Amino acid sequence: MKIEILGSGCAKCNKLKELVEKVANENCINAEITKVEDINKILEYGVMITPGLVIDGDVKIAGKIPSEDKVREWLTQ
């Protein structure tokens, strides 16, 4: 599983990364988690407002931090 956190490094972006790492670790999910800070790459996903969460190339959410339960749902599908 490839997970990308889209954002410039703002507090919300960092919080989303921590949340995703926490859920992945708690559920023993083997995932490559990367931070994408290049604005052009972020725009390629059609994301205009960060933070954004992309799982295996699919944008799950943009502009807000999802609930822990929602992240768990996405990662365990």
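Conventions adopted
- Residues numbered from 1 in each chain as written.
- Predicted model: local features only at pLDDT ≥ 70, side-chain atom pairs only at ≥ 80, totals over all residues.
- Heavy atoms only, no water.
- Helix = DSSP H or I, 4+ residues; strand = E, 2+ residues; numbered from the N terminus.
- Rg over C-alpha atoms; globule rule 2.2 N^0.38 Å.
- Buried < 20%, exposed > 50% of the residue type's maximum accessible area, 1.4 Å probe, protein only.
- Contact = heavy atoms within 4.5 Å.
- Lys, Arg positive; Asp, Glu negative; His and termini not counted.
- Charge placed at Lys NZ, Arg CZ, Asp CG, Glu CD.
- Pairing = 2+ DSSP bridges.

Peer 1: Would you explain the overall build of the protein in this entry?
Peer 2: What the protein contains, in helices and strands, is three helices and four strands. Reading the helices (α) and strands (β) of the protein from amino to carboxyl end gives β-α-β-α-β-β-α. Its C-alpha radius of gyration of 11 Å places the protein within 12% of the 11 Å reference for a compact globule of 77 residues. The proportion of buried residues among the 77 residues of the protein is 32%. When contacts within the protein are restricted to residue pairs at least 6 apart in sequence, long-range pairs at least 24 apart make up 66% of them. Charge separation in the protein, taken as the distance between the mean sites of 11 positive and 13 negative side-chain charges, equals 4 Å.

Peer 1: Which parts of the structure should I look at to understand unusual backbone geometry?
Peer 2: Only a minority of non-glycine residues have a phi that is not negative, and only a minority of peptide bonds are not trans. In this structure, the amide linkage connecting Thr50 to the following residue, Pro51, adopts the cis form with an omega of 5°. For Pro51, the position within the fold is in the loop between helix H2 (39-44) and strand S3 (52-55). With phi around 50°, Cys28 is a residue other than glycine that occupies positive phi space. Overall, the relative accessible area of 73% leaves Cys28 in the exposed class. For Asp56, which is not glycine, the phi torsion reads 50° and is therefore positive. Inspection of the secondary structure puts Asp56 in the loop between S3 and strand S4 (58-62). The exposed category is assigned to Asp56, whose relative accessible area is 51%.

Peer 1: For this particular structure, what's the right way to read the pairing of S3?
Peer 2: Each regular strand displays side chains that alternate between the two surfaces of the sheet. Neither face of S3 is left uncovered, since the one carrying Gly52 and Val54 and the one carrying Leu53 and Ile55 both have all their residues buried. Inspection of the sheet shows strand S1 (residues 2-6) paired to S3 by four bridges, in the antiparallel sense. What sits directly across from Glu4, in S3, is Val54. Across four bridges, the pairing between S3 and S4 is antiparallel. By the bridge assignment, Gly52 is partnered in S4 with Ala62. If you look at the hairpin formed by S3 and S4, you'll find two residues sitting between the two strands, and Asp56 has a positive phi there, around 50°.

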